[in-house]
Amino acid sequence: MNCFIVFRSYKQEDEPRCKKLLKNGVMSLINPTYNEILVRGITFEIPIFMIIIILILFGIPLIHFLLVIPIVAITVYITLYTKFLNKANEIQKEVSNIPRIYMSSNSSCFWVAEAYEKSSLNYPQQDQEYILMTEEQFNYSNIDVSLYIKKIVGTIALCKSNRIQNSAWIKRLYVHKNYRKKSIGSFLLNIALEFSILQGYNRVNVVISEYRKDAKKLFIKKGFELYLCYKKSVFKSLITMLIYELTYQINYYINENFTVIDPYYAYYILDS
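Residues numbered from 1 in each chain as written. Predicted model: local features only at pLDDT ≥ 70, side-chain atom pairs only at ≥ 80, totals over all residues. Heavy atoms only, no water.

### Details of the packing of aromatic side chains
- Per the stated rule, a full pass over the model turns up 12 aromatic pairs.
- Seen from their ring centres, Tyr-116 and Phe-138 are 5.3 Å apart, and the 40° between their planes marks the pair as tilted. Placement of the pair is Tyr-116 in strand E2 (residues 109-118) and Phe-138 in helix H7 (residues 135-141), with a sequence separation of 22 residues. Just as Tyr-116 is buried, Phe-138 falls in that class too. (Phe/Tyr/Trp six-rings, centres within 6.5 Å; stacked < 30°, edge-to-face > 60°. Helix = DSSP H or I, 4+ residues; strand = E, 2+ residues; numbered from the N terminus. Buried < 20%, exposed > 50% of the residue type's maximum accessible area, 1.4 Å probe, protein only.)

Rendered as structure tokens:
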């Protein structure tokens, strides 16, 4: 059988691999964020202001002013790195508490995408085709996995919202860079939305930064709409990023004669 990916609920033994995956996910956003800041030119408003002050007060030669620009650019990068590292450490602590935060009640859950690859695989994952299946499908398949290597390549979580009545948050959606463009993120999101329907939520929200462009496109494609948009400080008030809160409105009902399989299929049936 070909290589495949199983989507299942989190298990305690997943902790080390989830920590590594999610930390790498956070830290991988540093360079795209930094490059976007440079492209927008925000960084260079700071050295220009400093140069003007120095010109007025000290009259230092122009060659010295030019040194300010790389110094400020490095300072901004270090600041970004520190902020992202702190965020990664927060997520590490959260992963240690997944059983309590996400698995202790029926209102929330944490899922992983686990890749099964043949030990003889000798070409990049980007070129490999994978069969996607749920844990139930995997259990019925009776596949001999003795020759397969397992690795967690994606995660997603859903938890009850304390801010909006009868709604939930989607969190920790991440797919390893080598496994993207394989519908893994879409499959994970479908699982979370299906779960939210079964739990009777009316709305599902997600918060995402402007620099996670691919993730934002996925949510919009799935039917999420803009709910809020605000600025978040990155470097005091001099550098900010846009934060989007997207929402997915669920219109449905469930009775003993109807079983939800896919939220979009359910919506189509009930709306027709």
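Alright, that's what it looks like, and here's the rest.
### A closer look at the pairing of strand E4 (residues 148-160)
- As judged from the 10 bridges shared by E2 and E4, these two strands associate in the antiparallel manner. From the neighbouring strand, Ala-113 faces E4, where its bridge partner is Gly-154.
- Sheet topology places E4 next to strand E5 (residues 167-175); six bridges connect them, and they run antiparallel. Bridged to Cys-159 within E5 is Trp-169. (Pairing = 2+ DSSP bridges.)

### Comments concerning the confidence of the model for the protein chain
- Overall, the predicted model of the protein chain reaches an average pLDDT of 82, with 75% of residues at or above 70.
- With pLDDT under 50 throughout, residues 252-272 is counted as low confidence; its partners more than four residues away or in other chains account for 28 contacts. (pLDDT = per-residue confidence, 0-100. Contact = heavy atoms within 4.5 Å.)

### Overview of a positive patch on the surface
- On the surface, Lys-177, Arg-180, Lys-181 and Lys-217 cluster together into a patch of positive charge.
- Within the secondary structure, Lys-177 is located in the loop between E5 and helix H8 (184-198).
- Residue classification places Lys-177 among the exposed positions, given a relative accessible area of 58%. (Patch = residues over 30% accessible without salt bridge, like charges linked within 9 Å, V, L, I, M, F, W, Y side chains within 5 Å. Areas by Shrake-Rupley, 256 points an atom, 1.4 Å probe, with all protein chains shown as cover. Salt bridge = Lys/Arg side-chain N within 4 Å of Asp/Glu carboxyl O. Lys, Arg positive; Asp, Glu negative; His and termini not counted. Charge placed at Lys NZ, Arg CZ, Asp CG, Glu CD.)

### A look at the layout of surface pockets
- Computed from the structure, the largest pocket encloses a volume of approximately 1,700 Å³.
- Taken together, 49 residues line the largest pocket, and the ones lying closest to its centre are Leu-29, Leu-173, Ile-208, Arg-212 and Ala-215.
- For the lining of the largest pocket, the per-class residue count stands at 25 nonpolar, nine polar and 15 charged. (1 Å grid on protein atoms, 1.4 Å probe; cavity = no way out; pocket = protein on both sides within 12 Å on 5 of 7 lines; lining within 4 Å. Points joined across faces, edges and corners; volume = space filled by probe spheres on them. Nonpolar A, V, L, I, M, F, W, Y, C, P; charged D, E, K, R; others polar.)

### A few points about a nonpolar patch on the surface
- Judged by side-chain polarity, Val-207, Tyr-227, Leu-228 and Tyr-230 come together as a nonpolar surface patch covering roughly 330 Å² of accessible area.
- Top element by residues in the nonpolar patch is strand E7 (residues 225-235). It accounts for three residues.
- With respect to the secondary-structure elements, Tyr-227 resides in strand E7.
- Judged by relative accessible area, which is 36%, Tyr-227 ranks as partly exposed.

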